[in-house]
Amino acid sequence: GWDMPIQYTGIVEEHRAVRTRAGLFDVSHMLRTDVRGPGAAAFLRRALTYNVRALPLGRAHYALICDPDGGIRDDAFVYRPADEEYLLIGNASNAEADLEWLRELLALTGLGAELRPHADSAMLALQGPRAVEIGRRLGSPEVAALSLRGCAHGAIAGCAAFVARTGYTGEDGYEIVVAADDAVSVWRAILATGASPIGLGARDTLRLEAALPLYGNDIDRTTRPYEAGLGWVVDLDDGADFIGRDAILTLKDTPPSRVLVCLRAEERGVMRHGYPVLHAGQAVGTVTSGTFSPTLGVSIGMAYVPPAQAKYGARLEVDVRGKRLPVRVVPRPFYRREMTG
């Protein structure tokens, strides 16, 4: 139901703009729902693998929504801008299913919380080395004071906004939620600072360089957190009975039959989603995400392979339309920016 630009001037040019300057994305298709009330934290703890009750005011954290069997229904970010107030942002492709599931769960738990899906907001993402400078120039004091993974209600370009210092590119920057009626003026104000408009094509190449999973490609309802390398977002120590806990607890001490790895091409050729991964001439996995990396100048990808083939430095092949492309398992992520405060 969304018409989204794949590119404005070109994927490689836009990708490099984000890596070297600043880029602005329209990501209004993402699911956004407020969760409010005295039972909001308890409800979200039941719904998420992450212990949201430990999330300090003004902070954000990555989380998973799992099925009872431990499969990943969606991955999401949860924000806590105020006491008894949270914002949950999930994937556009799962928006209707997530909301239906959350409503059913809320009805079953009877906790004192209210879901308020956004019907009249827009969401923009400002990313890149100049993003913080631009955000501080256009933002209110609350925005200017944000540290990494911080969030607050404030203003951007004179318009009321919810702003978080998070993103999906591997760069520093902000995700900005504003009223739909203010979106165009905020968009234009940010572009006037020299930021470039960026489409979904570069968003995908940027997130893959950062080895960030894409729901529907790298994770889905057949994927368990530990095989995807997402055990760090599963909190078991507080004893909370979140959906999927029993299954995940059982899987925790069981060696997975497959693990998600990062692959870097050794020769010319581009691996793509769905291409077979080979070891000793036999298929051992499938590329879940693949592209040409504008930053590294080679093809990169992710794939699930058996643990025996998952060690760093392991050499495999990807079947690229009948041609065998030599690849090597490398550490995650492919690209890492210099960290700032």
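In what follows, the structure referred to is the one given above.
The following paragraphs examine the structure supplied in this document. Residue numbers here run from 1 along each chain, matching the order of that chain's written sequence. With the structure being a predicted model, the display of local features is reserved for residues of pLDDT at least 70 and the display and counting of side-chain atom pairs for 80 or more, all residues being used for whole-chain, interface and lining totals. Calculated side-chain values reflect all of the structure's heavy atoms, with hydrogen atoms and water omitted.

So, about the layout of surface pockets. Only protein atoms enter the 1 Å grid used here, on which a cavity is any set of points holding a 1.4 Å probe that cannot leave and a pocket is any open set flanked by protein within 12 Å on both sides along at least five of seven lines; residues with an atom within 4 Å of a point are listed as lining. Grid points are joined across faces, edges and corners, and a volume is the space filled by probe spheres set on the points. The volume enclosed by the largest pocket comes to roughly 1,400 Å³. Lining the largest pocket are 47 residues; nearest its centre among them are Phe-77, Gly-167, Tyr-168, Thr-169 and Leu-212. At the level of secondary structure, the elements contributing two or more residues to the lining of the largest pocket comprise β3 (59-66), β4 (72-82), β5 (85-90), β10 (173-179) and α7 (200-209). A run of H or I in DSSP becomes a helix once it reaches four residues, and a run of E becomes a strand once it reaches two; helices and strands are each numbered from the N terminus. Tallying contributions element by element places α7 first for the lining of the largest pocket, with 5 residues. Under the grouping applied here, Gly and all other residues not named as nonpolar or charged are polar, the nonpolar ones being Ala, Val, Leu, Ile, Met, Phe, Trp, Tyr, Cys and Pro and the charged ones Asp, Glu, Lys and Arg. Considering only residue class, the lining of the largest pocket consists of 23 nonpolar, 12 polar and 12 charged. The space that makes up the second largest pocket amounts to roughly 290 Å³.

Once that is clear, we can look at the sheet that holds strand β12 (residues 259-265). Any two strands with at least two DSSP bridges between them are considered paired. Taken together, the 6 strands give a closed barrel; going around it, the order is β12-β15-β14-β13-β16-β17, and neighbouring strands pair in antiparallel fashion. Pairs of neighbouring strands in the sheet enclose a mean axial angle of 45°, with direction left out of account. Note that strand β13 (residues 276-279) and strand β14 (residues 282-293) share 4 bridges and pair antiparallel. Each bridged residue has a counterpart across the sheet, and for His-279 the counterpart in β14 is Gln-282. Sitting on the sheet, α7 is in contact with β14 and β15 (298-305), with an inclination near 120° to β14. Every axis in this analysis is a line fitted to C-alpha atoms, fitted for helices over the stretch in contact. Angles between the N-to-C directions lie between 0 and 180 degrees. What makes two residues a contact is simply this: any of their non-hydrogen atoms within 4.5 Å.

Before going further, it helps to examine the environment of Gly-128. Checked against the element boundaries, Gly-128 lands in the loop between β7 (121-127) and α4 (131-138). Separated by 150 residues in sequence, Gly-128 and Leu-278 place their C-alpha atoms 36 Å apart. Apart from residues lying up to four places away in sequence, Gly-128 is in contact with Val-18, Arg-21, Ala-22, Glu-171 and Asp-172.

Turning to the pairing of strand β2 (residues 31-36), a few remarks are in order. For β2, the tally of buried residues reaches 5 of 6 residues, placing the bulk of the element in the interior. Two elements, β2 and β5, share 6 bridges in a ladder whose sense is antiparallel. If you follow Leu-31 over to β5, its bridge partner there is Gly-90. In this structure, β2 lies alongside strand β6 (residues 114-117), joined through 4 bridges in antiparallel fashion. Considered in β6, the bridge of Val-35 is made with Leu-115. A 1.4 Å probe rolled over the protein chains alone gives each residue an accessible area, and that area as a share of the maximum for its type sets the label: buried under 20%, exposed over 50%, partly exposed in between.

A full pass over the atoms with the stated rule returns 1 cavity of 30 Å³ or more. Considering the residues around the largest cavity, the lining is formed by Met-4, Pro-5, Phe-25, Asp-26, Val-27, Ile-198, Gly-199, Leu-200 and Arg-203. Breaking the lining of the largest cavity down by element, the ones donating at least two residues are β1 (23-26) and α7. When grouped by side-chain class, the residues that make up the lining of the largest cavity number 6 nonpolar, 1 polar and 2 charged.

The next thing to look at is the sheet that holds β4. Strand order in this open sheet of 5 strands is β3-β4-β5-β2-β6, and the pairing throughout is antiparallel. Edge positions in the open sheet fall to β3 and β6, since each of these has one partner strand only. Ignoring strand direction, the axes of neighbouring strands in this sheet form an average angle of 30°. Lying over the sheet, helix α3 (residues 95-109) contacts β2, β3, β4, β5 and β6, oriented at roughly 165° with respect to β6.

This paragraph deals with α3. The terminal C-alpha atoms of α3, which comprises 15 residues, lie 21 Å apart, in line with the 21 Å expected from a rise of 1.5 Å per residue. For α3, every residue scored as buried is listed here: Ala-95, Asp-98, Leu-99, Trp-101, Leu-102, Leu-105 and Leu-106. The buried residues of α3 occupy an angular sector of 165° when the element is viewed end-on, so they sit on one face. Set apart from the buried face of α3 by more than 90 degrees, the exposed residues are Glu-96, Ala-107 and Leu-108. Where α3 is buried, its residues meet β2, α2 (40-47), β3, β4, β5 and β6. In the stretch just after α3, Gly-110 is the one whose phi turns positive, near 65°. Expected helix span is given by 1.5 Å per residue-to-residue step, counting one fewer step than there are residues. Along the arc lie the directions from the helix axis toward the C-beta atoms.

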